[in-house]
Structure formats: structure tokens, C-alpha cells
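Chain residues, written in single-letter form:
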Amino acid sequence: YLVLVAIMLLVIITIIVEPKFLSGENLTNIMRQFGPLSFVSLGMTFVIIGGFIDLSVAGIISLVAVVTVSLIDPIGQVNALIVGIILGAFLGFLNSIVLISAGALSQAEALFITFGMSAVYSAVALIYTDGATQHMSWLQTPQTVFSSIGSGTVGIFSVSFIIFLASLTLLWIFHNKTYNGRSISYTGGNKVAAELSGIPIKRSVVLIYTICGMMSAVGAIVLFSRITTASPTVGKGFETNAILSVVVGGTSLKGGKGSVLRTVLGVLLI
């Protein structure tokens, strides 16, 4: 619990230096800033527990952001939101198909392949927008849904933080209370033993990358809802921060051990 101790010490020192740190307005602002990285890190947790790595999240965030914003006027807010999440899940699924097809079942192999996939997704985002940043203020359709996600509150809690708590709860239940969720940990612990025990390794690979892609999409939506712009390079740097948050939180890079709850501590410290 050294991470928790470190967080507590940081909070105590900050309160001494600046007492307004505990104001409701500041805490709400921290919750908003907490959003994008936390969603990406939750998805990355499953990938690392499964014994893999995913560097494509930067490209997924960028592509989902520009596509979702561009679709708000043509198909409406809710439809654009749904398409964005589905796109993220599909890109994660595509990662798993490429890995399985290439026979890449080690972390080192996944590192190089997902790095390449990130370059592909980033390139598509640049081509899709001609390299231009999209501003939500240019849209004619009201963005009430995205405004609520980006700056809305329920009491002292930001809407994005409530979405995060719901996602955290669902993912924790999936990981700890379902067969497929527990299979991910067995796969990361020892792929050979897991396969000999009847656990479908390829299904676990599909699950972890699809979850990571979907959570990256949610992170992208929360991000551009807050900053009100979508750049084809907006996801740059999220992959390293997400991996760092997961590892600092206590999930083993070797796979097999970890928890989304510990990842939350890692994100808080980062």
C-alpha cells in the first residue's frame, strides 16, 4: 500500500501549502482531469494482466475523437457517441485479430505490433481530417450530451467521474465474478498451463484488446468533451501514462496479477 501512503502524503502536503485544495470546486476539477487517463488505464489493466501490452491506445483515442466529432452534425449526438464507442471496440478487436493471425502471443511481440497499429490509426486520423483540428464550436448541432460529460456535475461529483465509477464497478465484477474475467488472469499467469487446462487463450486475447479499445474510446470522448476540440494527435502520450499508472498501481508487467482497483491508485498518483 505504498502508493496509497504516497497519495496521502501528497494530499497532506498540498493542503498545508494551499488550504483551498479541499474546496468543492477544486475537487470537482480534479475529478474532471482524472477522467481520460483513468478510462484508458482501466482498459490497459486487462491487457497487462493478460500478459500483453497495448501501445495502440494513442492512435485509437485520436481516431475515435476526430470521427465522433465529425459525426455529431450528420447523425446526432447520441448516435455519434455510440459509433465512437463501437469504433474503439472494433479497433481493439482488430488488434487482437492481427496478433492472433501473426501468432504473436508474447508481450514483446505485442509491443511491436501494437506500436505499428498505433501508427496506422494515427495516420488514418490525419488523413480523415487533412491534419486539421476539429472544434466543437464550429458544429451547428447543440452538444448538450458532450457538454454534460465534459463539464456537468451531480452535486460535487462530475458526470465523467460518475461514468468512471460505473465503468470501474462493471469491470471489477467482470474480472472477479465471471469465468471469462478470471480466465484473463490465468492466461497472463501461464499461457501454456491455461491452455492445457482448457482455457481458450485466443478468446482471452480478443477480450482484453476489445475492452482496452472500448475504454480508450470512452476516454477519448471524455477528453474532447472537456477540451471541446479533437485533434488527430490528441491521444499522443496516453499509452505511456496508462502503462505507468497500471504498473505503479501494482499490476505485474509479467501478467497474471493485478486489479482495476489498484490501477485507480496508480492513476491518482500520476
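Scroll up to find the structure this text is about.
Bear in mind that the values here come from a model prediction, so they are computed numbers and not experimental data.

### As for the overall build of the protein
Phase 1 of the analysis: When you go through the protein residue by residue, the secondary structure sums to twelve helices and four strands.
Phase 2 of the analysis: Projecting the C-alpha coordinates of the protein onto the three principal axes gives extents of approximately 55 × 50 × 30 Å.
Phase 3 of the analysis: Looking at the protein residue by residue over its 270 residues, the buried ones come to 49%.
Phase 4 of the analysis: For the protein, restricting intrachain contacts to residue pairs at least 6 apart in sequence, the fraction spanning at least 24 positions comes to 79%.
Phase 5 of the analysis: Within the structure as shown, the protein displays about 12,500 Å² of accessible surface, and the carbon and sulfur contribution to it stands at 69%.
Phase 6 of the analysis: For the protein, the separation between the mean place of its 12 positive charges and that of its 8 negative charges on side chains is 14 Å.

### Some points on the nonpolar core
Buried together is how nonpolar side chains tend to be arranged in soluble globular proteins.
Phase 1 of the analysis: Judged by nonpolar contacts, the single largest core of 70 residues is most densely connected at Met44, Phe46, Leu63, Phe164, Tyr209 and Phe224.
Phase 2 of the analysis: Per element, the largest residue contribution to this core is 14 residues, and it comes from helix 10 (residues 201-227).
Phase 3 of the analysis: The contacts of Phe46, once residues within four sequence positions are left out, are Leu171, Phe174, His175, Ile184, Ile208, Ile211 and Val260.

### A few points about the packing of helix 3 (residues 57-75) against helix 4 (residues 77-102)
Phase 1 of the analysis: Packing of helix 3 against helix 4 leaves a shortest axis separation of 8 Å and a crossing angle of 150°. In terms of their interaxial angle, helix 3 and helix 4 are classed as roughly antiparallel. Considering the relative orientation of helix 3 and helix 4, their crossing is right-handed. Within the contact between the two elements, helix 3 uses Ile60, Leu63, Val64, Val67, Thr68, Leu71, Ile72 and Ile75 and helix 4 uses Gln77, Asn79, Ala80, Leu81, Val83, Gly84, Leu87, Gly88, Leu91, Gly92 and Asn95.
Phase 2 of the analysis: Its residues placed into classes, the contact of helix 3 with helix 4 shows twelve nonpolar, seven polar and no charged.

### Some remarks on the packing of aromatic side chains
Phase 1 of the analysis: Scanning all chains against the criterion turns up six aromatic pairs.
Phase 2 of the analysis: With centroids separated by 6.0 Å and ring planes inclined at 50°, the aromatic side chains of Phe46 and Phe174 adopt a geometry described as tilted. Of this pair, Phe46 sits in helix 2 (residues 24-49) while Phe174 sits in helix 7 (residues 159-177), placing them 128 residues apart in sequence.
Phase 3 of the analysis: Note on Phe161 and Phe164: the rings are 5.9 Å apart at their centroids and 35° apart in plane angle, and the pair reads as tilted. Taken together, the residues Phe161 and Phe164, both in helix 7 and three residues apart, mark about one turn of the helix.
Phase 4 of the analysis: Aromatic rings pair up to connect Phe39, Phe157, Phe161 and Phe164 into one cluster.
Phase 5 of the analysis: A cation sits over an aromatic face here: Lys191 above Phe52, 4.7 Å from the ring centre.

Cut-offs used in this document
- Residues numbered from 1 in each chain as written.
- Predicted model: local features only at pLDDT ≥ 70, side-chain atom pairs only at ≥ 80, totals over all residues.
- Heavy atoms only, no water.
- Helix = DSSP H or I, 4+ residues; strand = E, 2+ residues; numbered from the N terminus.
- Buried < 20%, exposed > 50% of the residue type's maximum accessible area, 1.4 Å probe, protein only.
- Contact = heavy atoms within 4.5 Å.
- Areas by Shrake-Rupley, 256 points an atom, 1.4 Å probe, with all protein chains shown as cover.
- Lys, Arg positive; Asp, Glu negative; His and termini not counted.
- Charge placed at Lys NZ, Arg CZ, Asp CG, Glu CD.
- Core = buried A, V, L, I, M, F, W, Y, C linked by side-chain atoms within 4.5 Å.
- Axes fitted to C-alpha atoms, helices over the stretch in contact; angles between N-to-C directions.
- Parallel < 35°, antiparallel > 145°, perpendicular 65-115°, else oblique.
- Left-handed = near helix turned anticlockwise from the far one by under 90°.
- Nonpolar A, V, L, I, M, F, W, Y, C, P; charged D, E, K, R; others polar.
- Phe/Tyr/Trp six-rings, centres within 6.5 Å; stacked < 30°, edge-to-face > 60°.
- Lys NZ or Arg CZ within 6 Å of the ring centre and 35° of its normal.

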